[in-house]
Amino acid sequence: STDRRGNYVFADVSPGAYRLVASAADYTDAEFGQTWPEALTGPTPRRLVELAAGETFRAPDLTLTSLGAIAGVITDEFGDPVPDIPVRPRYRWRGGGLVAIGPGPAVVAWSTTDDKGRFRLSRLAAGPYYLQAQSSLADGSASPSGFAMTYFPRTREPLAAAPVQVRGGGIT
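All of the points below concern the structure found in this document.

### Here's the deal with the pattern of salt bridges
Right, on to step 1. With the rule as written, the count across this model stands at three salt bridges.
Right, on to step 2. Note that glutamate 31 and arginine 19 form a salt bridge whose closest N and O atoms lie 2.8 Å from each other. Here glutamate 31, found in strand S3 (residues 30-31), pairs with arginine 19, found in the loop between strand S1 (16-18) and strand S2 (21-22); they are 12 residues apart in sequence, far enough to count as distant.
Right, on to step 3. Looking at arginine 19, the relative accessible area reads 57%, which means it is exposed.
Right, on to step 4. For the salt bridge of arginine 118 with aspartate 114, the shortest nitrogen-to-oxygen distance reads 2.9 Å.
Right, on to step 5. The exposure class of arginine 118 is partly exposed, given its relative accessible area of 42%.

### Some points on the environment of tyrosine 130
Right, on to step 1. Mapped onto the fold, tyrosine 130 is located in strand S10 (residues 127-133).
Right, on to step 2. C-alpha of tyrosine 130 to C-alpha of tyrosine 91: the two residues are 39 residues apart in sequence and 6.0 Å apart in space.
Right, on to step 3. Setting aside chain neighbours within four positions, we find tyrosine 130 in contact with Arg88, Pro89, Arg90, Tyr91, Arg92, Ile101, Ala161, Ala162 and Pro163.
Right, on to step 4. At a separation of 3.1 Å, a polar atom in the side chain of tyrosine 130 contacts the side chain of arginine 92.

### Thoughts on the layout of surface pockets
Over the atoms rolls a probe the size of a water molecule, and its path tells where empty space is left.
Right, on to step 1. Put simply, the largest pocket is a space of about 940 Å³.
Right, on to step 2. Taken together, 30 residues line the largest pocket, and the ones lying closest to its centre are Tyr8, Val9, Phe10, Leu20 and Ala59.
Right, on to step 3. Those elements that provide at least two residues to the lining of the largest pocket are S2 and strand S4 (49-51).
Right, on to step 4. Residues that form the lining of the largest pocket fall into these classes: 15 nonpolar, nine polar and six charged.
Right, on to step 5. Roughly 490 Å³ of internal volume is contained in the second largest pocket.
Right, on to step 6. Forming the boundary of the second largest pocket are 25 residues, of which Ile74, Thr75, Ala133, Thr150 and Arg154 lie nearest the centre.
Right, on to step 7. Residue assignment for the lining of the second largest pocket shows that the elements contributing at least two residues are strand S5 (68-73), S10 and strand S11 (150-151).
Right, on to step 8. Residues that form the lining of the second largest pocket fall into these classes: 15 nonpolar, seven polar and three charged.

### Let's talk about the nonpolar core
Across soluble globular proteins, nonpolar side chains show a tendency to be buried alongside one another.
Right, on to step 1. Counting 15 residues, the largest nonpolar core has Ile70, Ile74, Phe119, Leu121, Leu124, Tyr129 and Leu131 as its most contacted members.
Right, on to step 2. Mapped onto this core, the elements with two or more residues apiece are strand S6 (86-95), strand S9 (118-124), S10 and strand S12 (164-166).
Right, on to step 3. Apart from the residues lying within four places of it in its own chain, the contact partners of leucine 121 are Gly68, Ala69, Ile70, Val87, Arg88, Pro89, Ala109, Trp110, Ser111 and Leu131.

### Digging into unusual backbone geometry
The phi angle of most residues is negative, glycine excepted, and most peptide bonds adopt the trans form.
Right, on to step 1. Cis peptide bonds are those with omega within 30 degrees of zero, and the linkage from phenylalanine 152 to proline 153 qualifies with 0°.
Right, on to step 2. Here proline 153 shows up in the loop between S11 and S12.
Right, on to step 3. Phi is positive for aspartate 12, close to 55°, though the residue is something other than glycine.
Right, on to step 4. With respect to the element layout, aspartate 12 can be found in the segment before S1.
Right, on to step 5. Positive phi, normally seen in glycine, also occurs at aspartate 26, with a value near 70°.

How each quantity is defined
- Residue positions are given per chain, counted from 1 along the sequence in the order it is written.
- Where local features are concerned, this predicted model is filtered to residues with pLDDT of at least 70; where side-chain atom pairs are given and counted, the filter is 80 or more; whole-chain, interface and lining totals use all residues.
- Excluded from the side-chain calculations are hydrogens and water; all other atoms, namely the structure's heavy atoms, are used.
- For this document, the term salt bridge refers to a Lys or Arg side-chain nitrogen within 4 Å of an Asp or Glu carboxyl oxygen.
- The helix and strand labels rest on DSSP assignments: H or I over at least four residues marks a helix, E over at least two residues marks a strand, and numbering proceeds from the N terminus.
- Three exposure classes are used, based on accessible area relative to the maximum for each residue type with a 1.4 Å probe and protein chains only: buried under 20%, partly exposed in between, and exposed over 50%.
- Here a residue-residue contact requires only that any non-hydrogen atoms of the pair lie within 4.5 Å.
- Definition of a polar contact: a pair of N or O atoms within 3.5 Å, with one able to donate and the other able to accept a hydrogen when the atoms are protein atoms, and with sequence-neighbouring residues admitted only if both atoms are side-chain atoms.
- Here a cavity means grid points, on a 1 Å grid over the protein atoms only, where a 1.4 Å probe fits yet cannot get out; a pocket means an open set of points with protein on both sides within 12 Å along at least five of seven lines; lining residues are those with an atom within 4 Å of a point.
- Grid points are joined across faces, edges and corners, and a volume is the space filled by probe spheres set on the points.
- Residue polarity follows a fixed list, in which Ala, Val, Leu, Ile, Met, Phe, Trp, Tyr, Cys and Pro are nonpolar, Asp, Glu, Lys and Arg are charged, and the others, Gly among them, are polar.
- Residues grouped as a nonpolar core are buried Ala, Val, Leu, Ile, Met, Phe, Trp, Tyr and Cys residues, joined through side-chain atoms within 4.5 Å.

Put into C-alpha cells, the structure is as follows:
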C-alpha cells in the first residue's frame with residue numbers, strides 16, 4: 001500500500017522477476033510498462049522488474065486514472081422516451097486495412113433504459129466510445145418491438161457512428 005502522498009517501498013524482496021501493478025477502487029489499474037488502459041487497446045506489452053540479490057530498483061510513478069461515465073436518454077423518432085433498451089459502449093478497431101465497431105477486449109458496463117428512457121454506463125476508462133442501442137435481432141433487423149439496432153447519433157451504420165469522449169472522473 002502507499003502512504004498519503006502515494007509513495008511506496010518494497011523491502012527485503014527476493015531476487016527474481018516481478019510485475020508492478022497499482023490499483024484502487026474507481027480507477028483504472030496501472031502497470032509498469034503499460035502505455036494505455038487495456039479496456040480501449042487490448043493487452044499492451046509489460047515490463048518485468050528483474051532484481052538481482054541486493055539490487056535496488058527505482059520505479060517510475062504509476063498513474064491511476066479515475067473512471068468516467070456516459071449518461072443519456074434514448075428516444076424514438078417522435079422524441080418519446082423508450083424503456084427497456086440495452087445500451088452498450090463499443091470501440092472502433094483498425095487492422096489489416098479494415099475498420100470496425102464492436103465489443104472491446106475487456107468487459108465493460110452496459111445498461112438498460114428505465115421507464116423514462118434514461119441510461120447510465122459507468123466505470124468506463126477515459127477514451128472514445130461508440131454507443132449502440134440494441135432492441136433488434138442478431139442481424140440488425142427490427143425486433144418484435146419495432147426498433148432496429150442504432151448507433152449514436154441515430155444511425156444504423158456502425159461506421160457512421162460518432163464517438164462519445166469519456167473523461168476520467170466525469171459524466172459525459
